[in-house]
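Chain residues, written in single-letter form:
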Amino acid sequence: MQELAHWWLAPLSGAALHTIEPWAYWHARVMVAAWALLLPAGALLARFGKVHSRSGWPQRLDDKRWWHGHRALQYSGMALTLLGLALAWNMGSRPGAVAQWHHLLGWVVVAMGGLQVLGGWLRGSKGGPTDRQMRGDHYDMTLRRRAFERQHKTTGWLSLLFAIAVIALGLTVSDAPRWMALVLLLWFALVFAAFASLQRTGRCSDTYQAIWGPDPVHPGNALRPSGWGVRRLVDGSSTGLASAIAQTGSKTLQAPHDHRP
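Computed from a predicted structure; not experimentally measured.

A.B. asks: Lay out the packing of helix α1 (residues 2–9) against helix α7 (residues 178–200) with the relevant residues and their values.
C.D. replies: Their axes nearest at 5 Å, the elements α1 and α7 cross at an angle of 75 degrees. Comparing the axis directions of α1 and α7 gives the class roughly perpendicular. Contact residues: α1 offers W7, W8 and L9, while α7 offers R178, W179 and L182. Class assignment for the residues of the contact of α1 with α7 results in five nonpolar, no polar and one charged.

A.B. asks: How would you sum up the side chain of D215? Please name residues and give values.
C.D. replies: Along the chain, the position of D215 falls in the loop between α8 (207–212) and α9 (241–247). Side-chain polar atoms of D215 contact the backbone nitrogen of V217, separated by 3.0 Å.

A.B. asks: Kindly report on the environment of L169, identifying the contributing residues and their values.
C.D. replies: Residue position: L169 is located in helix α6 (residues 143–173). Separated by 69 residues in sequence, L169 and Q100 place their C-alpha atoms 9.5 Å apart.

A.B. asks: Can you break down the nonpolar core residue by residue, with the values?
C.D. replies: Counting 19 residues, the largest nonpolar core has W35, V109, L160, I167 and L171 as the members making the most contacts within it. Put simply, the parts of the chain that give this core at least two residues each are α2 (22–48), α4 (97–121), α6 and α7. For L171, the contacting residues outside a window of four places in its chain are L12, A176, M180, A181 and L184.

A.B. asks: If you had to explain the pattern of salt bridges to someone new, which residues and values would you point to?
C.D. replies: All told, the structure shown has eight salt bridges when counted by the stated rule. Two residues, R145 and E149, come together in a salt bridge whose shortest N-O distance is 3.0 Å. In this pair, R145 and E149 both sit in helix α6, four residues apart, roughly one turn of the helix. On the basis of relative accessible area, E149 is assigned to the buried category, the value being 7%. D206 is the salt-bridge partner of R232, the closest N and O atoms lying 2.5 Å from each other. Residue R232 is found in the loop between α8 and α9, and its partner D206 is found in the loop between α7 and α8; the two are separated by 26 residues along the sequence. Classification of D206 by relative accessible area gives buried; the value is 7%. Connected through salt bridges with shared partners, the residues R60, D63 and R65 form a single ionic network.

Analysis parameters
- Sequence order sets the numbering: in each chain, residues are counted from 1 along the sequence as written.
- In keeping with the predicted nature of the model, local features appear solely for residues at pLDDT of at least 70, side-chain atom pairs appear and are counted solely at 80 or more, and the whole-chain, interface and lining totals rest on all residues.
- No hydrogens and no water enter the side-chain calculation; it runs on all heavy atoms of the structure.
- Throughout, an axis means a line fitted to C-alpha atoms (over the contacting stretch in the case of helices), and angles, computed between N-to-C directions, take values from 0 to 180 degrees.
- Secondary structure counts use DSSP, requiring at least four H or I residues in a row for a helix and at least two E residues in a row for a strand, with both numbered from the N terminus.
- Any angle that is under 35 degrees is reported as roughly parallel, and any over 145 degrees as roughly antiparallel; angles of 65 to 115 degrees are reported as roughly perpendicular and all others as oblique.
- In this analysis, two residues are considered to be in contact whenever any of their non-hydrogen atoms come within 4.5 Å of each other.
- Here the nonpolar group is Ala, Val, Leu, Ile, Met, Phe, Trp, Tyr, Cys and Pro; Asp, Glu, Lys and Arg are the charged ones; every other residue, Gly included, is treated as polar.
- Polar contact is the term for a pair of N or O atoms within 3.5 Å; when the atoms are in protein, one must be able to donate a hydrogen and the other to accept it, and sequence-neighboring residues count only if both atoms are side-chain atoms.
- Definition used in this section: a nonpolar core is a set of buried Ala, Val, Leu, Ile, Met, Phe, Trp, Tyr and Cys residues joined via side-chain atoms within 4.5 Å.
- With a 1.4 Å probe rolled over the protein chains alone, any residue whose accessible area is under 20% of its type maximum counts as buried; one over 50% counts as exposed, and the rest are partly exposed.
- Here, a salt bridge means any Lys or Arg side-chain nitrogen found within 4 Å of an Asp or Glu carboxyl oxygen.

See the structure below:
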């Protein structure tokens with residue numbers, strides 16, 4: 001047992017000692033906190049947290065709890081990313097191909113994260129019955145809004161996949177303990193399993209319908225939802241998300257009437 005514990009505590013290379021500069025382990029800690037914890041949690045919340053058995057949809061529309069949680073997690077994750085970037089700025093000589101790939105892909109991930117923030121700021125107006133004016137980029141699903149949704153979803157999920165590669169490279173560069181690699185491997189496996197389970201049970205709801213309901217009077221309901229695997233209620237029928245919610249014991253969903261004042 002002692003030998004097994006020693007093996008797990010040893011560096012990945014099998015070296016007798018593991019030494020790392022303080023800036024490097026703090027850089028690693030904040031980046032892992034950002035890209036393995038906060039940002040994936042925010043992405044899962046945005047994809048699967050809009051409508052659920054306790055949200056009261058469609059009687060209760062535009063539940064912003066998922067939105068506030070998503071923003072808090074993503075902004076916190078990007079704040080930690082900037083801190084991690086500052087810690088590693090002009091530090092290390094980057095010898096070897098693995099370190100150079102970690103450096104290059106790390107910058108790619110940081111740039112993609114920055115693009116996500118910028119895209120969110122430029123996504124356009126909301127509009128609709130719950131806004132101060134009826135016309136809006138989101139309510140009317142303008143070209144600007146459709147382009148934003150395609151970019152935001154694609155870049156967001158790709159950045160998380162790239163981040164996994166960057167973390168793996170970082171573990172190799174720092175010659176991290178074997179137990180650390182195992183814990184992160186198990187964690188990412190858990191994240192993937194949660195994604196697959198929530199997707200399979202139809203929890204990925206259409207943002208447009210989560211805000212305004214399935215009534216065809218709303219112009220965005222005439223369009224296909226943006227993104228892969230997004231479930232939509234066309235007329236309140238028990239398909240996709242509705243059946244998933246019904247299975248958890250909620251009431252049968254009915255299509256609401258026009259919600260405009």
